[in-house]
Amino acid sequence: MREKDMEKRAVRTVRRKKIQDLLAVLFFLLLLPYTCSALSGIRQEEAVETSGSVSGGSREILWEMENGVRRLSMEEFLVGALAASMPAEYREETLKAQAVILRSICMYEMEADGMLKKEDSQLECLEEADRRALWGEDFAENEEKFSGAVADTEGIVLTFEGRVVEPPYFRLSAGRTRSGAEIFGEERITWCHSIECPHDLESEDFLQEKRYKREAFTKMLAAEGMILPDNGAKVVLTRDSAGYVLFVNCQDYQMEGEKFRKLFELPSSCFYLKEEEGEIVLQTKGVGHGLGFDQYGADLLAAEGNDYIEILNHFFVGLSMEKME
C-alpha cells in the first residue's frame, strides 16, 4: 500500500513539473516580442539620442556625439545658439531679433532635405548643461527667456528678393556699422548699410588696448611674410568710411585688416597703431567685424521701446521678413 501511494505521488509530481515547464514556455513566448523591443530600444539609444519631439518633416540639426548622432529640431538648436551668441542681460526684443538672424543662417546653410550637420554650421550652440553652468542660479529664468524669444519668432526668417539670406552680426560697433557694398562690392550684400550708432561709444568695452614689444610684433608679422624694414618705413592702414581697417600696407606688402586682427587677437578690426618706448600699442574701438547687426546698439533700441521687427529693419534696410511653412 505504501509503495502504491509513493508511485501515485511520483506520477503527480511528474505531471505538475510538466505543467510548470509548459507554463514557463508559454510565458516566455508571450514576453518575447516585448523583450526584443526592449533590446532593440537599447541598441537604438546607443546609436542615436533624440532630444525633443521631431517630426519626420521638420528641419533638423545632426550633432555628432561620442555615442552616436544627436538629432535636434532647428528651433531647439536655436535656443542653444542664441545663448552662445548673446548675453542673458539683453532685452527680450533684442533676443528675438537675434533669434531671427540665427534661424536665417540655419536655413541658409541647410541642405534641400532640411538637414544640417552641426560641424558644417558657423553657429556655436550651448547644450543645456552648458547653459546651466553659464547661468547658474538664473538658469530657469534665462532658459524661459531665451526659449520664449525663439518660440515667439518661430519660423520667421530674413529674405532678399524671395531668398533666405545669411545676416552678419557682431557685438559692438566703432560708432557706426560698415557698408556691405563698400566691402564686398555693389553686387553683394547691398542690404548692409552703414548705420550710425553713437551711443556705442558709451560702452565700457568700446575702447581697448594691447601692447607688444617691437621685436615680438615684428616677428609675428614676419611669420606672415610682412617684413618691417629698419629704414623707418611706416605701416599704412587703409580704412573704409566707418573707420575699420581694410588693408595693412608696408612698402610692397599688403595684409587684409581682418587677417591682421586675427593674428594679434584684437577685439575689433577698427584698430590704430602707435609706438611708445619700444612697444607697439594696438588700440581698438568696438567689438567684432562691424558689419550688419550691432547687438549693443540693438539693445539700446529695445530699451527705447522698439520691437524686434523695427530693430531688424533699422540695421537691414531692404530685407523682408517671412514665416516659413
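Within every chain, residues take consecutive numbers counted from 1 along the sequence as written. The predicted nature of this model means local features are confined to residues of pLDDT at least 70 and side-chain atom pairs, given and counted, to a pLDDT of 80 or more, with totals for whole chains, interfaces and linings taken over all residues. Values reported for side chains reflect all heavy atoms of the structure, with hydrogen atoms and water molecules removed beforehand.

A.B. asks: How should I be thinking about a negative patch on the surface in this particular structure?
C.D. replies: For patch detection, residues must exceed 30% relative accessible area and be free of salt bridges, and they are connected within 9 Å for like charges or within 5 Å for nonpolar side chains (Val, Leu, Ile, Met, Phe, Trp, Tyr). Surface accessibility in these figures is a Shrake-Rupley result with a 1.4 Å probe; residues are shielded only by whichever protein chains are displayed. In what follows, salt bridge is the name for a side-chain nitrogen of Lys or Arg lying within 4 Å of a carboxyl oxygen of Asp or Glu. Counting rule applied: Lys, Arg positive; Asp, Glu negative; His and chain ends not counted. Working definition for charges: the position is that of NZ of Lys, CZ of Arg, CG of Asp or CD of Glu. Taken together, the side chains of Glu64, Glu111, Asp113, Glu119 and Asp120 define an acidic patch exposed on the protein surface. Strands are runs of DSSP state E lasting at least 2 residues, helices are runs of H or I lasting at least 4, and numbering of each runs from the N terminus. Along the chain, Glu64 turns up in strand S2 (residues 60-65).

A.B. asks: Please explain the confidence of the model for the protein as it appears in this structure.
C.D. replies: In low-pLDDT regions, the fine details of the predicted coordinates are not to be read closely. pLDDT gives the predictor's per-residue confidence on a scale running from 0 to 100. Averaged over all residues, the pLDDT of the protein equals 83, while 81% of them reach at least 70. Every residue in residues 1-57 scores below 50 in pLDDT, and together they form 22 contacts with partners more than four places removed in sequence or on other chains. The criterion used for residue contact is that any of the two residues' heavy atoms lie within 4.5 Å.

A.B. asks: Would you explain unusual backbone geometry in this entry?
C.D. replies: The phi dihedral of Glu265 falls on the positive side, at around 50°, and the residue is not glycine. Note on placement: Glu265 falls in the loop between helix H8 (257-263) and strand S12 (271-276). The class of Glu265 is exposed, set by a relative accessible area of 63%. A positive phi angle is found at Glu277, which is not glycine, with a value near 50°. Among the secondary structure elements, Glu277 is positioned in the loop between S12 and strand S13 (279-285). Per-residue accessibility, obtained with a 1.4 Å probe over protein chains only, is compared with the maximum for each type, and a residue is labelled buried under 20%, exposed over 50%, and partly exposed between these values.

A.B. asks: What exactly am I supposed to notice about the packing of aromatic side chains here?
C.D. replies: Two aromatic rings, taken as a pair, are described by how far apart their centres are and by the angle between their planes. Working definition: a ring pair exists when centres of Phe, Tyr or Trp rings (six-membered ring for Trp) sit within 6.5 Å. Plane angles under 30 degrees give stacked, over 60 give edge-to-face, the rest tilted. In the structure shown here, the tally under the stated rule is nine aromatic pairs. On the basis of an interplanar angle of 35° and a centroid distance of 6.3 Å, the ring pair of Trp135 and Phe139 is categorised as tilted. Given the relative accessible area of 9%, Trp135 is considered buried. Phe139 sits in the buried class, given a relative accessible area of 10%. Between Phe260 and Phe271 the ring centres are 4.8 Å apart and the planes differ by 20°, which places this aromatic pair in the stacked class. One end of the pair, Phe260, is in helix H8; the other, Phe271, is in strand S12, and eleven residues separate them in sequence. Like Phe260, the residue Phe271 is buried in the burial classification. Members of the aromatic cluster, joined through ring pairs, are Tyr212, Phe217, Phe260, Phe264 and Phe271. Whether a charge lies above a ring is judged from NZ of Lys or CZ of Arg, which has to be within 6 Å of the ring centre and within 35 degrees of the ring normal. A cation sits over an aromatic face here: Arg239 above Tyr272, 3.9 Å from the ring centre.

A.B. asks: Help me out: how do you make sense of the sheet that holds strand S5 (residues 156-160) in this one?
C.D. replies: Neighbouring strands of a sheet are bound in pairs by backbone hydrogen bonds; such pairs are parallel or else antiparallel. Across the sheet, which stays open at both edges, the three strands sit in the order S6-S5-S15 with antiparallel pairing between neighbours. Every interior strand has two partners, whereas the edge strands, strand S6 (163-164) and strand S15 (320-323), have only one. Every axis in this analysis is a line fitted to C-alpha atoms, fitted for helices over the stretch in contact. Angles between the N-to-C directions lie between 0 and 180 degrees. Helix H3 (residues 92-109) contacts S5 and S6 of the sheet and is inclined by roughly 65° relative to S5. Contacts from helix H10 (residues 308-315) reach S5 and S15, with the element oriented near 135° to S15. One bridge is not enough; two strands pair if DSSP finds at least two bridges between them.

A.B. asks: Sorry if this is basic, but what is going on with the sheet that holds strand S8 (residues 207-213) here?
C.D. replies: Strand order in the open sheet formed by three strands is S8-S13-S12, and the pairing between neighbours is antiparallel. Of all strands in the sheet, those with a lone pairing partner are S8 and S12, marking the two edges. Sheet twist, expressed as the mean angle between neighbouring strand axes with direction ignored, is 20°. Packed on one face of the sheet, helix H7 (residues 214-223) meets S8, S12 and S13 and runs near 90° to S8.

A.B. asks: When you look at the side chain of Arg178 in this model, what are you seeing that I'm missing?
C.D. replies: Checked against the element boundaries, Arg178 lands in the loop between strand S7 (169-170) and helix H6 (180-184). A relative accessible area of 5% places Arg178 in the buried class. Under the rule applied, a polar contact is a pair of N or O atoms within 3.5 Å (in protein, one hydrogen donor and one hydrogen acceptor; residues adjacent in sequence only if both atoms are side-chain atoms). A distance of 2.7 Å separates a polar atom in the side chain of Arg178 from a polar atom in the side chain of Asp240.

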